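Observations on the model geometry
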Amino acid sequence: MKKQIVLYKKLSPLLMARLHEHTDVTLIDNLDADGLSRLRDALPRAQGLLGASLKLDAGLLDLAPNLEAIASVSVGVDNYDIDYLTERRILLSNTPDVLTETTADTGFALILATARRVVELANLVRDGQWTRNIGPAHFGTDVHGKTLGIIGMGRIGEALAQRGHFGFGMPVIYHSHSPKPAVEQRFDAQYRRLPDLLQQADFVCLTLPLTAETEGLIGAEQFAQMRPEAIFINISRGKVVNETALIQALRDKQIRAAGLDVFEREPLNADSPLLQLNNVVATPHMGSATHETREAMAACAVDNLLSALAGERPKNLVNVRAWKG
Ligand code: DGY
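For clarity, every value in this text was computed on a predicted model and none was experimentally measured.

About the thresholds
Residues numbered from 1 in each chain as written. Predicted model: local features only at pLDDT ≥ 70, side-chain atom pairs only at ≥ 80, totals over all residues. Heavy atoms only, no water. Helix = DSSP H or I, 4+ residues; strand = E, 2+ residues; numbered from the N terminus. Rg over C-alpha atoms; globule rule 2.2 N^0.38 Å. Buried < 20%, exposed > 50% of the residue type's maximum accessible area, 1.4 Å probe, protein only. Contact = heavy atoms within 4.5 Å. Areas by Shrake-Rupley, 256 points an atom, 1.4 Å probe, with all protein chains shown as cover. Lys, Arg positive; Asp, Glu negative; His and termini not counted. Charge placed at Lys NZ, Arg CZ, Asp CG, Glu CD. Expected span 1.5 Å × (residues − 1). Near = heavy atom within 4 Å. Polar contact = N/O pair within 3.5 Å; in protein donor to acceptor, adjacent residues only side chain to side chain. Nonpolar A, V, L, I, M, F, W, Y, C, P; charged D, E, K, R; others polar. Pairing = 2+ DSSP bridges. Axes fitted to C-alpha atoms, helices over the stretch in contact; angles between N-to-C directions. 1 Å grid on protein atoms, 1.4 Å probe; cavity = no way out; pocket = protein on both sides within 12 Å on 5 of 7 lines; lining within 4 Å. Points joined across faces, edges and corners; volume = space filled by probe spheres on them. Phe/Tyr/Trp six-rings, centres within 6.5 Å; stacked < 30°, edge-to-face > 60°. Salt bridge = Lys/Arg side-chain N within 4 Å of Asp/Glu carboxyl O.

Right, let's talk about the overall build of the protein for a bit. The secondary structure content of the protein amounts to 12 helices and 12 strands. Computed over its C-alpha atoms, the radius of gyration of the protein comes to 22 Å, within 12% of the 20 Å expected for a compact globule of 325 residues. Taking the principal axes of the C-alpha coordinates as reference, the protein spans close to 70 × 50 × 35 Å. In the protein, buried positions account for 49% of the 325 residues. Relative to all contacts within the protein whose residues are 6 or more apart in sequence, the contacts with residues 24 or more apart total 58%. Of the roughly 16100 Å² that the protein leaves accessible, carbon and sulfur atoms contribute 50%. When the 34 basic and 38 acidic side-chain charges of the protein are each reduced to a single mean position, those positions are 2 Å apart.

Printed below as a string of C-alpha cells:
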C-alpha cells in the first residue's frame, strides 16, 4: 500500500508526478487559515510531510501519530523541534548544498547594493530626480579590496569567502566555532574572535544557522563594536540579530548601512522602521529564490522523503539519532 504524505508546498509537475507514483498525496497549496485547517485534518493519516516555511511544533505534530519523516525544503531547520522529533523517531531531512551558491550570490548582491547604494540611486532615477550628474552626497563606498568579515563559516560562508577573495580581492576574516585551516588556505582567510572581527571588518556578514546558541548573538554591544563605515549583511535568520538594536545602530550612524534578507518577523511589516531608512536594503527572504535552485531544493526534499518512507536513510538526515540504522 502507498504511504500517505501531506505536501504543504506546491511542486513542479515533474516532482508531483514522482510523488504520486510512490505515495498518496494530500496537497495543501496555501497556508492561509483554510489551508492550516485542512492540514490539521490531514495530519492524523500522514506518514510523511514535505514543505517549508511553517513552524511544525509539538502542538501540530501531536496530531500526526503515524508520522515517520519530514522533508523540509530548506537548509535551515529552526522551524522544527529536533529533540521532539528525535524522541518520536521522526526523520527530519533538509536541503543543503543545492542552495549554497545561490544564497551566496544573494549575500553578494546585498553587499554591492548597500555599498554602492544601488536601490536608493535606482529609485532616484525612477522618480525623475536624476537632473544632473550625481555628486558626493550620492557616492557609495568601494567593495573591492575591503575586509570581508564572515560570521559562521559553513558552506554558504565559504561560498561568500570565495566570491570576496577571488572576485573582489577582499581580505577575508571569519568567526566560527573553531578555526578552519582548509578555508584559511583556500581563501587566505584569518580566524578572529567575534569582537575582533566586529572591530576590523568593513562588511560584517551573518551566514550562521539560528539555534539556541546564536539567537540574539548580535545586539547593541556588538553593533557598538563595529566601525562607523561597517556594512552589516544578514542572509541567515532574523532572530540571530536584535532588530531593535540594529535599527538604533543605523539611526545613530554606528554603522553605515545594512543589507537584510531575513527579519525577526517575516514577512516584514510594511511599517517597520527599517523601511524608513535609506541606508537599508531589505529583500524578502529570497536567499535561495531562483527557479533552478528552488526546483533543485524541492527535488532534494522529494528524494529525502521517498528514501525515508522506503526505510532507507535519507541523504540529508538532520537528526541522526532518530535513525535506527
Ligand atoms: C533555507 O533554506 O533555510 C532558506 O533560508 C529558506 O528558508
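On we go from here.
Let us now look at helix α5 (residues 100-115). Look at α5: 23 Å from first C-alpha to last across 16 residues, which is about the 22 Å you get at 1.5 Å a residue. Summarising burial for α5: 12 of the 16 residues are buried, a large majority. Of the residues trailing α5, arginine 117 is marked for its positive phi of about 55 degrees.

Our focus in this paragraph is the site of the ligand. Surveying the vicinity of the ligand reveals the residues Ser74, Val75, Gly76, Leu99, Arg237, His285 and Met297. Between the ligand and arginine 237 there is a distance of 2.8 Å, counted from an oxygen atom to a side-chain nitrogen or oxygen. For the shell around the ligand, the per-class residue count stands at 3 nonpolar, 3 polar and 1 charged.

Moving on, we get to the sheet that holds strand β7 (residues 172-175). The parallel open sheet is built from 7 strands, whose spatial order is β8-β7-β6-β9-β10-β11-β12. The sheet is open, and its two edges are formed by β8 (190-191) and β12 (280-282), each paired on a single side. Pairing of strand β9 (residues 203-206) with strand β10 (residues 231-234) involves 4 bridges; the strand directions are parallel. Opposite valine 204, over in β10, you have phenylalanine 232 as the bridge partner. Strand contacts of helix α7 (residues 155-168): β6 (148-151), β7 and β9, with the helix running at about 175 degrees to β6, the strand carrying the most contacts. Along the sheet, helix α11 (residues 243-251) contacts β10, β11 (257-260) and β12; its crossing angle with β11, the most-contacted strand, is approximately 145 degrees.

Time to look at the layout of surface pockets. As a volume, the second largest pocket reaches approximately 260 Å³. Where the lining of the second largest pocket is concerned, the elements lending two or more residues are α5, α11 and β12. Here the lining of the second largest pocket gets 3 residues from one element, more than from any other, and that element is α5.

All right, on to the sheet that holds strand β4 (residues 69-72) then. As summarised here, the arrangement of the 5 strands in space is β2-β1-β3-β4-β5, forming an open sheet in which the pairing is parallel. Strand pairing shows two members of the sheet lacking a second neighbour, β2 (23-27) and β5 (91-93), which therefore form its edges. Across the sheet, the mean angle from the axis of one strand to that of its neighbour is 15 degrees, orientation sign disregarded. By the bridge criterion, 4 bridges tie strand β3 (residues 48-51) to β4 in an arrangement that is parallel. Counted as the bridge partner of leucine 50 is alanine 71 from β4.

What follows concerns the packing of aromatic side chains. Under the definition given, this model contains 4 aromatic pairs. Centroid distance phenylalanine 223 to phenylalanine 232: 5.2 Å. Interplanar angle 75 degrees. Geometry classified as edge-to-face. For the pair phenylalanine 223 and phenylalanine 232, a shared accessibility class is recorded, and that class is buried.

Right, let's get into the pattern of salt bridges. Under the counting rule described, the total for this entry stands at 12 salt bridges. Here aspartate 34 makes a salt bridge to arginine 38, at a shortest N to O gap of 3.8 Å. With a gap of 4 residues between them, aspartate 34 and arginine 38 both fall in helix α2 (residues 33-42), about one helical turn apart. Since its relative accessible area comes to 35%, arginine 38 is described here as partly exposed.

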